[in-house]
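# Reading the structure
Here is what each chain is made of, one letter per residue.
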Amino acid sequence: MKSLRFISAEAFVSNAEFARKSLGGVAHNLFPLLFKASYLLEQAEVIHDLVENWPLVDFNMGKLLGTTVDYEEDLSYRTCSVCLESCLTGLRDYVLNHPSPYMKRLKVVDLTGIKDVEVQFCECKKTMGRWARTQLFSKLCLELLVYLQQTQCNPGTFEISIDVLIDLFVTERNYELVVQALLKKCYCPLKICCVAFRSDNLALQKFFYIIKLIDPSLLRRLEIVHNVRLEMEHLDILFNSIHFPLLMSLTLPARTFNVRRFTAADEQMLINIGEKLGEMTQLSELSVPFSILTGRIQKLLSPLKTPLKMLDVSNCSLNHADMAYLANSFHANHLEALDLSGHDIPDLYPSTFFKLLRHSSSVLRSLTLEDCNIQDTHVNMLILGLSPCQKLQEFKFLGNPLSSQALKHLFTFLCELPMLKNVEFPVPRDCYPIGITYPVDDASLCRFDRQKYVSVAEELNLILLQANRDDVKASTPLFGSYDAAVHETNNELGAYLIKSFKETLEKLNTSLNKMS
């Protein structure tokens, strides 16, 4: 519902020329209302001028675009390129074009509330993801510095200091630009304050250089994801040389740990890393997918003083001792999101897993059990384990060998979970050719009877509809859930993988030539 105030604001900003001329007479407390109305209508010029003349002390994108009294719809999910570019250029021009710097009150800009999602509802349908926002803001900071150096500005302009809280996403392609902006941030009126940092496709040396430039003392979220060759010894060096006092969330790349090749020195190094994690008193989210951590989870997690709310140990080759530690640890009662994909849960540790599920049931919101060898005979046991999880909002179980009949039985139960919003289910086993083996390899993943799958998917959705659960989205993303960062940089990621594959072949060829 829109309030009368919001409807009036829409009418005001819909005539861009009139609105821009009239801003000087608008009460300061109406600027947030006009900003959201302009964003909804994609009035780029009005957005620019509102930001350029912002009269308040703070500018928080998440709060401005989120649910408000005048308009409940959350617009922070709209990463509209037109709107965001207008907003950022308006911020630059706030420094440059205001007639009297002494009238400026803006001290803090928070750009972290913008959420990148798969489906966009803005009319232009053109998004500006986290990588592009990093690129544009870095560029604007450097342009601002050049302009201030080359132009005779009011001396008061150089006294302007605005902290801009931002999530940075750095890859090889935008690395040099971001580094230049960070090196010169102390001279720029717009001060880059990085509170979340993601790095993909970046040489390790460059990662270590830029992580020191961003002021780690402010960092709350650190994601080192694809094609950053960070191994355990590098992580040990990172934690020993840099402190992250406010870090709340840590994501490490695949194969950071590999206990199969551990020496006595490596065991001690793992203990040291665990102790460093324990010093991060704010840490509540940890993601270490595709590492081999067999029998070592306790060493890594037991030093933590704060319970984890999110844990991703997918494909980490956990054994019974690891699962027993998780089930009995103080983390279990606080886990809101858990990913145990890639573990044969029904055969290896069913009772321990369900103990973990029982302990976390009062808070668990997201559960991912992909490629866990859950079969038809395990469905009743799974239902029993999930029954207490009344706050579950998301359940992903792709890649499990379940028949269409078993899926229907499971969906009938899922209708009873009141908070459930998203389900990712596998292609039914009976849609694949007889003899298919699990986990299904990439070559066979798409070789299923699509007509039969569509028929089953319609029946599953009918079960939801008949239970009045049309609020639940059920889907089968064959190649995994949507990742906004990967989607935005997939061309660069693909080029990096091809280059890496080529280098591997060249090394192999060189080795063969030496042998011959």
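Criteria and cut-off values
- Residues numbered from 1 in each chain as written.
- Predicted model: local features only at pLDDT ≥ 70, side-chain atom pairs only at ≥ 80, totals over all residues.
- Heavy atoms only, no water.
- Helix = DSSP H or I, 4+ residues; strand = E, 2+ residues; numbered from the N terminus.
- Polar contact = N/O pair within 3.5 Å; in protein donor to acceptor, adjacent residues only side chain to side chain.
- Contact = heavy atoms within 4.5 Å.
- Buried < 20%, exposed > 50% of the residue type's maximum accessible area, 1.4 Å probe, protein only.
- Pairing = 2+ DSSP bridges.
- Right-handed = clockwise from strand over helix to strand, strands pointing away.
- 1 Å grid on protein atoms, 1.4 Å probe; cavity = no way out; pocket = protein on both sides within 12 Å on 5 of 7 lines; lining within 4 Å.
- Points joined across faces, edges and corners; volume = space filled by probe spheres on them.
- Phe/Tyr/Trp six-rings, centres within 6.5 Å; stacked < 30°, edge-to-face > 60°.
- Lys NZ or Arg CZ within 6 Å of the ring centre and 35° of its normal.
- Axes fitted to C-alpha atoms, helices over the stretch in contact; angles between N-to-C directions.
- Parallel < 35°, antiparallel > 145°, perpendicular 65-115°, else oblique.
- Nonpolar A, V, L, I, M, F, W, Y, C, P; charged D, E, K, R; others polar.
- Salt bridge = Lys/Arg side-chain N within 4 Å of Asp/Glu carboxyl O.

Moving on: the side chain of Glu223. Residue placement: Glu223 occurs in strand β5 (residues 221-224). Within the local environment of Glu223, its side chain forms a polar contact with the side chain of Arg130, the two groups lying 3.0 Å apart. Residues within four places of Glu223 in sequence aside, it is in contact with Arg130, Phe197, Arg198, Ser199 and Thr251.

Side-chain positions along a regular strand alternate between the two faces of the sheet. Counting buried positions along strand β4 (residues 190-199) gives 10 out of 10 residues, so the element sits mostly inside the fold. As judged from the nine bridges shared by strand β3 (residues 162-170) and β4, these two strands associate in the parallel manner. By the bridge assignment, Val164 is partnered in β4 with Ile192. This β-α-β element, β3 to helix α8 (residues 175-183) to β4, shows right-handed connectivity.

As a further point, take empty space enclosed by the protein. As enumerated under the stated definition, the model contains two cavities of 30 Å³ or more in all. Taken as a whole, the largest cavity spans an internal volume of roughly 100 Å³. As for the largest cavity, its lining consists of Met61, Leu84, Cys87, Leu88, Leu111, Ile114, Arg133, Phe137, Ile166 and Asp167. Among the secondary structure elements, those contributing two or more residues to the lining of the largest cavity are α6 (81-97), α7 (130-150) and β3.

Counted according to the given criterion, the structure contains 15 aromatic pairs. Ring centres of Phe395 and Phe397 lie 4.7 Å apart, and the angle between their planes is 20°; this geometry places the pair in the stacked category. Taken together, the ring pairs in this structure connect Phe31, Phe35, Tyr39, Trp54 and Phe59 into an aromatic cluster. The ring of Tyr71 is capped by Lys2, whose NZ or CZ atom sits 5.5 Å from the centre of that ring. A cation over a ring is seen here: Arg173 above Trp131, with NZ or CZ 4.2 Å from the ring centre.

This next bit is on the packing of helix α15 (residues 350-360) against helix α16 (residues 379-386). One way to put it is that α15 packs onto α16 with a least axis distance of 9 Å and a crossing angle of 25°. By the criterion of interaxial angle, the relationship of α15 to α16 is roughly parallel. Mapping the contact onto sequence places Pro350, Phe354 and Leu357 in α15 and Met381, Leu382, Gly385 and Leu386 in α16. Within the contact of α15 with α16, the residues separate by chemical class into six nonpolar, one polar and no charged.

All told, the structure shown has 27 salt bridges when counted by the stated rule. A salt bridge links Asp430 to Lys452; the nearest nitrogen and oxygen atoms lie 3.3 Å apart. Remark: Lys452 occurs in helix α18 (residues 450-466) and Asp430 occurs in the loop between β12 (422-424) and α18; sequence separation between them is 22 residues. One network of salt bridges, in which partners are shared, links Arg92, Asp93, Lys139 and Glu143.

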